[in-house]
Amino acid sequence: MNTLLELKNINLTYQTLKTETEAIKDVSFSVENGEFISIVGPSGCGKTTILSMIAGLLPPSSGQIVIDGEIVSKVSTNVGYMFQRDNLFEWLNVYQNVMIGPKINHKKNCLSSDKLKSLLKKYGLSGFEKARPSELSGGMRQRVSLIRTLALNPKILLLDEPFSALDYQTRLSVQNDIHQIIKSEHKTAILVTHDISEAISMSDKIIVLTKRPGTIKKIIDIDFDKNLTPLERRNNILFNSYFKSLWEELQ
Ligand code: ADP
Ligand code: MG
């Protein structure tokens, strides 16, 4: 595997007229091509801030972010962002929603409409191409949202608590689906979550942050049998010991 993303000694201080908030302090880590990593830590510790910097939306106060050998200095087309709310356009149908990126970008580096149609089919949305988002279940909406993000052919997917608005039952099955899509499309992903079980069930590696200013407390390798799905991981004998060590780190 080769390194796709590198954060080198990243610091970020938010400046407002009256105050300065040190949000991130000396954070360094790297992500290999095809890896799925999670970032966990208490609310307000700087998780979203890290994703914004990787996406090129927010320049670090100091330090460097490198994607595929290039220093990130503006909004990066190498990166796709998926949020807690799926942000689907209610007035467009499913197919129009996933085509919106390629349309705006005049298809530059984007997936073809044939490829997008086949992704919709492959991931359980055939027959729903013409449906409006309001006709879909929460899980289907998140799959459409992910396929829409994939349409721009990003090298890295950033997922900021994308499942937290779903009820528990739906969340488990959507985690499974999203994990399968990301792995079978060979994408690299960074998931931000405050749900320890979610992080263990989906990731190859978990980065634990301290409370603000966020620094790296620990990086834990998660080592299940390669073929296990997130749901199967939850029933695996290793799951509880990972849970226990993460729980202790977060106390
Ligand atoms: P998390 O995603 O881990 O909950 P954030 O990255 O959103 O945390 O925020 C980290 C810290 O930076 C918080 O204390 C937050 O209040 C502060 N912060 C976030 N965005 C801004 C901003 N635009 N201006 C000033 N402070 C901010
Ligand atoms: Mg956040």
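One structure accompanies this document, and this report is about it. This is a predicted model, so every value here is computed, not measured.

Basis of the calculations
Residues numbered from 1 in each chain as written. Chains lettered and ligands numbered in written order. Predicted model: local features only at pLDDT ≥ 70, side-chain atom pairs only at ≥ 80, totals over all residues. Heavy atoms only, no water. Core = buried A, V, L, I, M, F, W, Y, C linked by side-chain atoms within 4.5 Å. Buried < 20%, exposed > 50% of the residue type's maximum accessible area, 1.4 Å probe, protein only. Helix = DSSP H or I, 4+ residues; strand = E, 2+ residues; numbered from the N terminus. Contact = heavy atoms within 4.5 Å. Axes fitted to C-alpha atoms, helices over the stretch in contact; angles between N-to-C directions. Parallel < 35°, antiparallel > 145°, perpendicular 65-115°, else oblique. Left-handed = near helix turned anticlockwise from the far one by under 90°. Nonpolar A, V, L, I, M, F, W, Y, C, P; charged D, E, K, R; others polar. Pairing = 2+ DSSP bridges. Near = heavy atom within 4 Å. Polar contact = N/O pair within 3.5 Å; in protein donor to acceptor, adjacent residues only side chain to side chain. Areas by Shrake-Rupley, 256 points an atom, 1.4 Å probe, with all protein chains shown as cover.

## Topic: the nonpolar core
Line of reasoning, step 1. One finds Leu-116, Leu-146, Ile-147 and Ile-182 to be the most contacted residues of the largest nonpolar core, which totals 31 residues.
Line of reasoning, step 2. Put simply, the parts of the chain that give this core at least two residues each are α2 (94-104), α3 (113-122), α4 (138-150), β7 (156-160), α5 (168-184) and β8 (188-192).
Line of reasoning, step 3. A per-element tally of this core places α4 first, with five residues.
Line of reasoning, step 4. Not counting residues within four places of it along the chain, the set of residues in contact with Ile-182 comprises Phe-36, Leu-146, Leu-157, Leu-159, Lys-187 and Ala-189.

## Focus on the packing of α4 against α5
Line of reasoning, step 1. Close contact between α4 and α5 brings their axes to 9 Å; oriented N to C, the two are set at 25°. Between α4 and α5, the interaxial angle falls into the category roughly parallel. Between α4 and α5 lies a crossing of right-handed hand. Here Gly-139, Gln-142, Arg-143, Leu-146 and Leu-150 of α4 lie close against α5, whose contacting residues are Thr-170, Val-174, Asp-177, Ile-178, Ile-181 and Ile-182.
Line of reasoning, step 2. By residue class, the composition of the contact of α4 with α5 is six nonpolar, three polar and two charged.

## So, the sheet that holds strand β5 (residues 70-71)
Line of reasoning, step 1. Read across the sheet, four strands follow the order β2-β1-β4-β5 without closing on themselves; strand pairing throughout is antiparallel. The sheet is open, and its two edges are formed by β2 (20-32) and β5, each paired on a single side.
Line of reasoning, step 2. Summarising the sheet, strand β1 (residues 3-15) and strand β4 (residues 62-67) pair through five bridges and their orientation is antiparallel. Its bridge partner lying in β4, Asn-11 is registered against Ser-62.
Line of reasoning, step 3. Contacting β1, β2 and β4, helix α1 (residues 47-54) crosses the sheet at an angle of about 120° to β1.

## Examining the site of ligand 1
Line of reasoning, step 1. Every residue close to ligand 1 is listed here: Tyr-14, Ala-23, Ser-43, Gly-44, Cys-45, Gly-46, Lys-47, Thr-48, Thr-49 and Arg-212.
Line of reasoning, step 2. The backbone of Gly-46 places a nitrogen or oxygen atom 3.0 Å from an oxygen atom of ligand 1.
Line of reasoning, step 3. Contact between ligand 1 and Thr-48: an oxygen atom at 2.9 Å from a side-chain N or O atom of the residue.
Line of reasoning, step 4. Starting from 570 Å² of accessible surface for ligand 1 in isolation, the protein chains cover 62%.

## Focus on unusual backbone geometry
Line of reasoning, step 1. Cis geometry marks the peptide bond from Arg-212 to Pro-213, where omega comes out at -5°.
Line of reasoning, step 2. As for its position among the elements, Pro-213 is in the loop between β9 (205-209) and β10 (216-221).
Line of reasoning, step 3. Within the chain, Asp-68 stands out as a residue other than glycine whose phi angle is a positive 50°.
Line of reasoning, step 4. Tracing the chain through its elements places Asp-68 in the loop between β4 and β5.

The values reported here are purely geometric and, on their own, carry no functional implication.
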